[in-house]
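Structural overview
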Amino acid sequence: MYDDSYGDDKPKRGHGNRKRRLPFILLTAVGVCGVLVCVSAIAYLLVETITVRSRYGAELAGMCDPPTGGEASRDNFPFEADGVKFLILDEGLQMRDLWQGDLPDDWKAETADEVDIVMCFDDAWVARTACPLADGGSREREQHVVELVLLNADNGRRIADVTFEGSLPGCPQDDDTSRLRGDEVTVNEFVIWFEDF
């Protein structure tokens, strides 16, 4: 008599291996994506630094790395009959801050010759007083703080040190424990301040 059950207890080839390989494949894919994001970010930083140095020159590009210029004084203001143009750099980096693109068009310096004021930009989310919760815990509140240093592009002298604070969020009535953030400071707040400077 022929027994056709022979070999039925053997595991089917490939099915178990596929299941075991799936986490490895997923982890590899996530790792590759992470590496690509890191490489893209580094490439962006490098290209932006090279662009700033080539467009504005090494001296202007390095004015915020770190900012110097002595005591701030309005006497260091560059008096230009046709208005001033800005180069906004992230403090400690030789990169334009996003605010550069948000400035009014007639305030943006596109070349080294156009730069009247170099503005060093630094910002952070600062923890403020927490909101008490009914269960005795608390909910953290954060406020956006922007610190600016304005430098005369011709001589590097400090014109002003300015701090702007975004709104502080109120305390909600619920017991949600997630972080609360106020509104970000925008370039428009700087524009309004500078027009009165």
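First things first, this report covers the structure right here in the doc. Predicted model, so just to flag it, every value in this text is computed and none were measured. (Residues numbered from 1 in each chain as written. Predicted model: local features only at pLDDT ≥ 70, side-chain atom pairs only at ≥ 80, totals over all residues. Heavy atoms only, no water.)

1. So, the pairing of strand E3 (residues 138-152)
Consecutive residues of a regular strand have side chains that alternate between opposite faces of the sheet. Across the 15 residues of E3, twelve count as buried, placing the element largely inside the fold. Two strands pair when backbone bridges link them, and strand E2 (residues 117-132) and E3 are joined in this way by 14 bridges, in the antiparallel orientation. Of the residues in E3, the one forming a bridge with Trp125 is His144. The antiparallel pairing of E2 with E3 creates a hairpin that spans five residues between the two strands, and Gly136 there sits at a positive phi of about 95°. As paired elements, E3 and strand E5 (residues 180-181) share two bridges and run parallel to each other. (Buried < 20%, exposed > 50% of the residue type's maximum accessible area, 1.4 Å probe, protein only. Helix = DSSP H or I, 4+ residues; strand = E, 2+ residues; numbered from the N terminus. Pairing = 2+ DSSP bridges.)

2. Quick look at the layout of surface pockets
Considered as a void within the structure, the largest pocket measures approximately 160 Å³ in volume. The wall of the largest pocket is formed by Asp90, Asp97, Leu98, Trp99, Asp102, Phe121, Asp123, His144, Glu184, Val185, Thr186 and Val187. Listing elements by their share of the lining of the largest pocket, those giving two or more residues are helix H3 (99-102) and E2. Here the lining of the largest pocket is built from residues that sort into five nonpolar, two polar and five charged. (1 Å grid on protein atoms, 1.4 Å probe; cavity = no way out; pocket = protein on both sides within 12 Å on 5 of 7 lines; lining within 4 Å. Points joined across faces, edges and corners; volume = space filled by probe spheres on them. Nonpolar A, V, L, I, M, F, W, Y, C, P; charged D, E, K, R; others polar.)

3. What about the environment of Pro67?
In this fold, Pro67 is placed in the loop between helix H2 (58-61) and strand E1 (86-90). Residues Pro67 and Leu150, 83 residues apart in the sequence, show an inter-C-alpha distance of 8.9 Å. With residues near it in sequence (within four places) discarded, Pro67 still touches Glu91, Cys120, Val149, Leu151 and Arg158. (Contact = heavy atoms within 4.5 Å.)

4. Some words on the state of the cysteines
Scanning the model with the defined rule gives two disulfides in all. The disulfide partner of Cys64 is Cys120, and the S-S distance across this bridge is 2.0 Å. Disulfide Cys64-Cys120: torsion about the S-S bond near -85°, hence left-handed. On the criterion of sequence distance, the pair formed by Cys64 in the loop between H2 and E1 and Cys120 in strand E2 is long-range, its members being 56 residues apart. No difference in accessibility class separates Cys64 from Cys120, as the two residues are buried. With its sulfur 2.1 Å from that of its partner, Cys131 forms a disulfide with Cys171. For the disulfide bridge between Cys131 and Cys171, the dihedral angle about the S-S bond is near -90°, and by the sign convention the bridge is left-handed. Taken together, the positions of Cys131 in strand E2 and Cys171 in the loop between strand E4 (158-165) and E5 put the pair 40 residues apart, joining distant regions of the chain. (Disulfide = S-S within 2.5 Å.)

5. Focus on helix H4 (residues 187-195)
Every buried residue belonging to H4 is among Val187, Phe190, Val191 and Phe194, and all of these are buried. Along the long axis of H4, the arc covered by the buried residues comes to 100°, so they all point the same way. Opposite the packed face of H4, turned more than 90 degrees from it, sit the exposed residues Asn188 and Ile192. The inward-facing, buried residues of H4 abut E1, H3, E2, E3 and E4. (Arc of directions from axis to C-beta.)

6. Overview of the nonpolar core
General note: in soluble globular proteins, nonpolar side chains tend to be found buried as a group. The biggest cluster of nonpolar side chains holds 22 residues, and the ones touching the most others in it are Phe86, Trp99, Ile117, Leu148, Leu150, Phe190 and Phe194. The set of elements that each furnish at least two residues to this core consists of E1, E2, E3, E4 and H4. Setting aside anything within four residues of it in sequence, one finds Leu150 in contact with Phe86, Ile117, Val118, Met119, Arg157, Arg158, Ile159, Ala160, Phe190, Trp193 and Phe194. One finds Met63, Cys64, Ala109 and Cys120 within the second-largest nonpolar core, a separate group that totals 15 residues. (Core = buried A, V, L, I, M, F, W, Y, C linked by side-chain atoms within 4.5 Å.)

What is shown is where atoms sit, not what they do.
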